[in-house]
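So you can see what is in the structure, the chains are spelled out below.
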Amino acid sequence: QVQLVESGGGLVQAGGSLRLSCAASGRTFSSYPMGWFRQAPGKEREFVAAIRFSGSITRYADSVKGRFTISRDNAKNTVYLQMNSLKPEDTAVYYCAVDSRRINVVGVTTSDYDYWGQGTQVTVSS
């Protein structure tokens, strides 16, 4: 059974930091792009960041550039999202995802990804 399990979410004050982790099991995804998306209440799921298997290509939403950093440890089949300078607007459920169909395309839409975690809540207080 393929699973993506996010961890590291929680409650943090504005300006604080969190590091999210997403560990994959049941299948090795080290060759495939992985990404992070988030969904706030009443809003559509939106792209946050994505990374190619080698880490040589990364993409970020404009809203998080300079604050968030995506990375991965292929040996651990895990992707991370380091979130700094958090804002209340960052409050959302964060989901990790894998594009298991392609290798070198780093997508920025939900349809680009076919495996999803269940999400982890990130709440940033004012």
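We now turn to the structure provided with this report.

What counts, and at which threshold
- Residues numbered from 1 in each chain as written.
- Predicted model: local features only at pLDDT ≥ 70, side-chain atom pairs only at ≥ 80, totals over all residues.
- Heavy atoms only, no water.
- Phe/Tyr/Trp six-rings, centres within 6.5 Å; stacked < 30°, edge-to-face > 60°.
- Lys NZ or Arg CZ within 6 Å of the ring centre and 35° of its normal.
- Buried < 20%, exposed > 50% of the residue type's maximum accessible area, 1.4 Å probe, protein only.
- Helix = DSSP H or I, 4+ residues; strand = E, 2+ residues; numbered from the N terminus.
- Pairing = 2+ DSSP bridges.
- Axes fitted to C-alpha atoms, helices over the stretch in contact; angles between N-to-C directions.

1. Section: the packing of aromatic side chains
Then, in step 1: A full pass over the atoms with the stated rule returns 5 aromatic pairs.
Then, in step 2: An aromatic cluster of at least three residues, connected via ring pairs, comprises F37, F47, Y113 and W116.
Then, in step 3: The positively charged end of R19 is found above the aromatic ring belonging to Y80, 4.0 Å away from the centroid.
Then, in step 4: It is R45 that lies over the ring of Y95; its NZ or CZ is 3.7 Å from the centre.

2. Considerations on the pairing of strand β11 (residues 120-125)
Then, in step 1: Burial of the side chains of β11 is restricted to one face: T120, V122 and V124 are buried, whereas none of Q121, T123 and S125 on the reverse face is.
Then, in step 2: Where strand β2 (residues 10-13) and β11 come together, 4 bridges link them in parallel fashion. Residue pairing for β11: Q13 is matched across the bridge by S125.
Then, in step 3: The sheet contact formed by strand β9 (residues 92-98) and β11 spans 3 bridges and is antiparallel. Along β11, the bridge assignment pairs A92 with V122.

3. Thoughts on the sheet that holds strand β1 (residues 3-7)
Then, in step 1: The strand order across the open sheet formed by 4 strands is β1-β3-β8-β7, and the pairing between neighbours is antiparallel. The two strands at the open ends of the sheet, each matched to only one other strand, are β1 and β7 (68-73). Across the sheet, the mean angle separating the axes of adjacent strands is 15 degrees when strand polarity is ignored.
Then, in step 2: Inspection of the sheet shows β1 paired to strand β3 (residues 18-25) by 5 bridges, in the antiparallel sense. Its bridge partner being in β3, Q3 is matched across the sheet by S25.

4. Notes on unusual backbone geometry
Then, in step 1: With a phi angle near 55 degrees, N77 is a residue other than glycine that sits in the positive phi range.
Then, in step 2: Secondary-structure assignment places N77 in the loop between β7 and β8 (78-83).
Then, in step 3: Exposure remark for N77: the relative accessible area of 9% places this residue in the buried category.
Then, in step 4: Positive phi is not limited to glycine here, since S85 has a value of about 50 degrees.
Then, in step 5: Mapping S85 onto the fold places it in the loop between β8 and β9.
Then, in step 6: Under the relative-accessibility criterion, S85 is labelled partly exposed at 41%.

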